[in-house]
Amino acid sequence: MDPFHEVTWLNSCLQETLLPSSPWHKVANLICEKLAKLLEPRLSRPEIRQSLYELLGDPFVRNYFQSHSDEPMVLEPPFMQLRARQETKAIAERLLSDAVDSVIREFRSGLPSSALQEFEQLCSHSVLSGVHQQMQGVSAASGFSHSETIGLALGCILQRQPEQLTSVCKKLIGRLLPQSLRGCIWSMRLEGIVAELTRIARKDSRGRGLDGWNARLKRFEEMVYREMETKGYGSPLISPISGLIHRSVEQAYDSATSMVDQQWRTLIENVLNCVYTSNKTYEPTHVYLSFPVLVAFSDRKCKNDESRCIELAGRLSEVVAYCLPTPQALSDISGDVIKALQQTDELLCSHLISIARQASLGRHQEFLSKLVAAGSTKQSSSVLGPEVFIKKWITEGFVSVLGYYSMLFVWDQLFLADWQAVKIQQFCIAILKLLKTQIMAAQTFQQLHKVLLYEPCQLFLKDIQAEWLKAERSD
């Protein structure tokens, strides 16, 4: 279905541009005149002429080819047999396609036309008026409904014109995305990240033969069912570690303030079981990472619950594989956060490091081992520093420490920026600076642990947004 039809008022704006008085008809005449001029030399052969007439239709022929005869019998027996007619039609289709491509290239090259300018102005005015009228008719008590309405319209436009994605993303930097737009933006940016990293891995600068999401999902689904049959599982939603996953989800919901949607507990478990069935991998951090993935993509329509879980599992697998930093990159980011903080606030950084390194390896070894998200078996000096907390924030996608909307804001900005390491670093620094008062008041490792793991959820979205934008604009 045309995506514009899903938004009634936007479809109405589209129809308005097609009214008899619209400048579009002047533009259409320009296009048709140029097309007719390109095709006219081909009309000398009667059989080609009649085949073109059939493809173009009677209204076009009456308006632009009145001086040429119409002889439909030349395509009928005994003048022409069926096979010859099919071959002639194929030739005519190629001629028409080449002519259309030529006209398109000419218009794209910037053909000056007052009709085109009038049409562009009409479209802009029509859409802006439609937005204003729609927002006037939406109850202010519905919260984010204004943004959701515009977000839905913008998503429809991006489906029509995906080449505008980069421009749109630049304008959305620093804004919390409407739920109606979030899935569209995240999926399109994720598609770009997967394609870019695949090109790099293949050393193929042109990106030839890259699969889209539907093809990758099909392969993922086939892998899930193949592994399920090989291992003798009764369902991809039930794996040998279902009990472990259930306990991890319960613990995450008990501790993470951002995981507010209780009805998704079972769905998260099913998704994580699907991931395990597909590749035998499971990390406790995946519980947290699955939550924003469900927020963005769970409204997508699938054939049934099992298909829905497999699709979400595929999304989660790609986010983990292509968006989250590697262990080495994670260490680099956490180290860069401390270095950058030392340059901008030496007092805060010195106190943070001093208190974090008070931890005795003997007393806190078990606790620290749970925090070390990089999975290294070596206990270096950085393990006893504040980097360990930063690594936990990042590997759990900030889901375990921030509030619901703050967490979504972070993920929105990271997708808008293709999950660049510098953006992750900026958010870590912003959170540390906003917690400066609490950090400076901490005098023991236990107090610092409480501040860095339990205080971030108390931060306001507006404060995180302002502090991050300050760093973003200074770069």
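Residues numbered from 1 in each chain as written. Predicted model: local features only at pLDDT ≥ 70, side-chain atom pairs only at ≥ 80, totals over all residues. Heavy atoms only, no water.

## Some details on helix 3 (residues 46-56)
What sets the pattern is the α-helix's 3.6 residues per turn: residues three or four places apart point alike. Looking only at helix 3, the buried set comprises I48, R49, Q50, S51, L52, Y53 and L56. Tucked inside the fold, the buried residues of helix 3 contact helix 2 (24-39), helix 4 (58-64) and helix 5 (82-108). Taken from the residues just after helix 3, G57 is the one with a positive phi, measuring 95°. (Buried < 20%, exposed > 50% of the residue type's maximum accessible area, 1.4 Å probe, protein only. Helix = DSSP H or I, 4+ residues; strand = E, 2+ residues; numbered from the N terminus. Contact = heavy atoms within 4.5 Å.)

## Description of helix 18 (residues 387-395)
With 9 of its 9 residues buried, helix 18 lies for the most part within the structure. Those residues of helix 18 lying buried are E387, V388, F389, I390, K391, K392, W393, I394 and T395. Positive backbone phi, approximately 60°, marks G397, located one or two places after helix 18.

## Structural notes on unusual backbone geometry
A cis amide bond links P77 with the next residue in sequence, P78, at an omega value of 5°. Positive phi is not limited to glycine here, since F398 has a value of about 65°. You will see that D418, though not glycine, has its phi angle at about 60°, which is positive. According to the relative accessible area criterion, D418 is partly exposed, its value standing at 36%.

## Structural notes on the packing of helix 2 against helix 5
Interaxial distance between helix 2 and helix 5 falls to 9 Å at its minimum, and their mutual angle equals 130°. Comparing their axes, helix 5 and helix 2 come out oblique. The handedness of the crossing between helix 2 and helix 5 comes out as right-handed. Contacts from L30, I31, K34, L35, L38 and L39 in helix 2 reach L95, L96, A99, V100, S102, V103, E106 and F107 in helix 5. For the contact of helix 2 with helix 5, the class distribution of residues is 11 nonpolar, 1 polar and 2 charged. (Axes fitted to C-alpha atoms, helices over the stretch in contact; angles between N-to-C directions. Parallel < 35°, antiparallel > 145°, perpendicular 65-115°, else oblique. Left-handed = near helix turned anticlockwise from the far one by under 90°. Nonpolar A, V, L, I, M, F, W, Y, C, P; charged D, E, K, R; others polar.)

## As for the nonpolar core
Counting 100 residues, the largest nonpolar core has I185, M259, F398 and L452 as its most contacted members. Per-element tally for this core: the top contributor is helix 13 (residues 285-297), with 9 residues. Not counting residues up to four positions away in its chain, the partners in contact with F398 are W393, M407, V410, I424, F427, C428 and I431. By size, the runner-up hydrophobic cluster in this structure holds 21 residues, among which are L39, L52, F60 and L116. (Core = buried A, V, L, I, M, F, W, Y, C linked by side-chain atoms within 4.5 Å.)

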